[in-house]
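Descriptive structure summary
Listed here are the chains, written in short residue letters.
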Amino acid sequence: MADSKTQAKWDAAAASYDLMASFGVEKRWKAGKEAFFSTMDGKILFLAVGTGLDIQCFPAGKDITGIDISPKMLDKAMPRVENYPGQMTARLMDVHDMDFEDNTFDQVFTSCTFCSVPDPVKGLEGLRRVLKPGGTLKMFEHTGSRCFPFSVMLDLVNPVCRHLGPDINRDTVANVRTAGFEVNKVFNVFLDVVKFIEATAPAE
Amino acid sequence: MERRVYFIFGDVLACIVSGAVAGWLTGFVVPGDWFALVGMITGMAIGMPVGMIGGYLFSPLFGAFEVMLPASLSGMVAGMVVGMGHTMGSTALSGAVIGVGCLVFCYLLQARLEGEVS
């Protein structure tokens, strides 16, 4: 069952989300995201679809299952999902409570998602469950900072930010390790806040 | 490291505006004869939300964290410095200059941190 509080928060954000994120933000990150998604291969889970802005950066011809907790976000995403030149579906689902079988996917991709998952370690454990042993988790995420003064600034404003949308001071790399993944690579995109993270679900 | 003129222009604009507004507002609120520490803390409390709002307003045009963090820092530092009574010319001009300085700091830090870390 979906977390209704988180669902309501992102349903409320759906109307203005593209206005805030579609021009400057996507334009600035487009080249990096295209390189990030260019490694898509096999059966792929994409969490969370949002309004589908990232779909323009996906390589063509892939087999992608997208999920999102917000029906209103998914409504906005559907035209982009339907126009994707490959096999793509989008489903309403909470990462804490996914109904996929174990060992379903070869890869999981996330894009600015784990700032907003209420229980990030539980969500990541869910992703590890649905990944095949040896499958890869690839994340484009913003996290907290270890650099002064940004470390203090992000901690100070986080109570306001988390009320309106995402948490901005999470240690997502540590969460990935706590959830049982082996972290292979961390690449700082902007300061030590925006980063690519690559991890592997260990073979059990 | 950002090399596209459009985004560099956006970064500079966001930091100048955030610093200038924070400096001006702090100068307006904090009397010049306050104890420097009190002025600094008050200026920080004024400048930080001003910088955040500035970054948020410029974000749809120029990027997310790349704009919001330098703009927030600009507002915070401009508020602190002006609150301590250190101004060169007007408080708004001081804030704008501090905003550019904060952006240069962010660019230098970015040059140091960008890339693979593990």
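Up top is the structure these notes are about.
The paragraphs below set out a description of the structure included in this document. (Residues numbered from 1 in each chain as written. Chains lettered and ligands numbered in written order. Predicted model: local features only at pLDDT ≥ 70, side-chain atom pairs only at ≥ 80, totals over all residues.)

**Considerations on the interface of chain B and chain A**
At the junction of the two partners, chain B supplies 22 residues and chain A supplies 22 residues. Secondary-structure elements contributing two or more residues to the side of chain B that touches chain A are helix H2 (36-62), helix H3 (65-83), helix H4 (91-113) and strand E1 (115-116) of chain B. At 6 residues, H3 of chain B tops the list of elements feeding residues into the side of chain B that touches chain A. Looking at the side of chain B that touches chain A residue by residue, the class counts come to 13 nonpolar, 6 polar and 3 charged. Sheet topology places strand E6 (residues 182-190) of chain A next to E1 of chain B; 2 bridges connect them, and they run antiparallel. Paired with Phe187 of chain A across the strands is Glu116 of chain B, a residue of E1 of chain B. (Contact = placed C-beta atoms within 7 Å. Helix = DSSP H or I, 4+ residues; strand = E, 2+ residues; numbered from the N terminus. Nonpolar A, V, L, I, M, F, W, Y, C, P; charged D, E, K, R; others polar. Pairing = 2+ DSSP bridges.)

**Side note on the pairing of strand E3 (residues 87-92) of chain A**
By the bridge criterion, 6 bridges tie strand E2 (residues 63-68) of chain A to E3 of chain A in an arrangement that is parallel. Across the sheet, the residue bridging to Asp68 of chain A is Leu92 of chain A, located in E3 of chain A.

**Considerations on the environment of Val95 of chain A**
All names here are of chain A. Structurally, the position occupied by Val95 is in the loop between E3 and strand E4 (105-111). For Val95, a count of 30 C-beta atoms within 10 Å corresponds to the buried category. Each C-alpha atom of the pair Val95 and Gly126 lies 6.7 Å from the other, and the pair is 31 residues apart in sequence. With sequence-adjacent residues up to four places away left out, Val95 is seen in contact with Leu47, Val117, Gly123 and Gly126. (Buried ≥ 20, exposed ≤ 12 C-beta atoms within 10 Å, placed from the backbone.)

**Considerations on helix H1 (residues 4-21) of chain A**
The terminal C-alpha atoms of H1 of chain A, which comprises 18 residues, lie 24 Å apart, in line with the 26 Å expected from a rise of 1.5 Å per residue. Along H1 of chain A, the sharpest kink reaches roughly 60 degrees, centred on Ala15 of chain A. (Expected span 1.5 Å × (residues − 1). Bend = angle between axes of the 7 residues up to and from the residue.)

**Points about the pairing of E6 of chain A**
Residue and element names in this part refer to chain A. Of the strand pairs in this sheet, E6 and strand E7 (residues 194-200) are connected by 7 bridges, and their pairing is antiparallel. Across the sheet, Glu182 pairs through a bridge with Thr200, a residue of E7. In textbook terms, the turn of a hairpin is the stretch between consecutive antiparallel strands, and for E6 and E7 this stretch comprises 3 residues, one of which, Leu191, has a positive phi near 50 degrees.

**Considerations on the packing of H1 of chain A against helix H3 (residues 71-82) of chain A**
Residue and element names in this part refer to chain A. In contact at an axis separation of 7 Å, H1 and H3 are set at 35 degrees when each is read in the N-to-C sense. Between H1 and H3, the contacting residues are Trp10, Asp11 and Ala14 on the first element and Pro71, Lys72, Met73 and Lys76 on the second. Looking at side-chain class alone, the contact of H1 with H3 contains 4 nonpolar, no polar and 3 charged residues. (Axes fitted to C-alpha atoms, helices over the stretch in contact; angles between N-to-C directions.)

**Side note on helix H2 (residues 24-37) of chain A**
Residue and element names in this part refer to chain A. Here H2 is 14 residues long and its end C-alpha atoms lie 19 Å apart, about the 20 Å a rise of 1.5 Å per residue gives. The sharpest bend along H2 reaches about 55 degrees and sits at Lys30. Buried within H2 we find Gly24, Val25, Arg28, Trp29, Lys33, Phe36 and Phe37.

**Some details on unusual backbone geometry**
Residue and element names in this part refer to chain A. Here the bond from Leu47 into Ala48 is cis, since omega is -15 degrees, no more than 30 degrees from zero. Structurally, Ala48 is set in the loop between strand E1 (43-47) and E2. A cis geometry characterises the amide bond from Phe148 onward to Pro149, with omega recorded as 5 degrees. Its place among the elements puts Pro149 in the loop between strand E5 (131-142) and helix H5 (150-164). Backbone geometry places Asn103, a non-glycine residue, at a positive phi of 55 degrees. Structurally, Asn103 can be placed in the loop between E3 and E4.

**Observations concerning the sheet that holds E6 of chain A**
Read across the open sheet, the 8 strands follow the order E3(A)-E2(A)-E1(A)-E4(A)-E5(A)-E7(A)-E6(A)-E1(B); overall the sheet is mixed. Both outer strands of the open sheet, E3 of chain A together with E1 of chain B, are each paired with one neighbouring strand and no more. The pairing of E4 of chain A with E5 of chain A spans 6 bridges and is parallel. The residue bridging Ser111 of chain A from the neighbouring strand is Phe140 of chain A, located in E5 of chain A. The strands that helix H4 (residues 120-130) of chain A touches are E1, E4 and E5 of chain A; relative to E5 of chain A, the one it contacts most, it runs at about 145 degrees.

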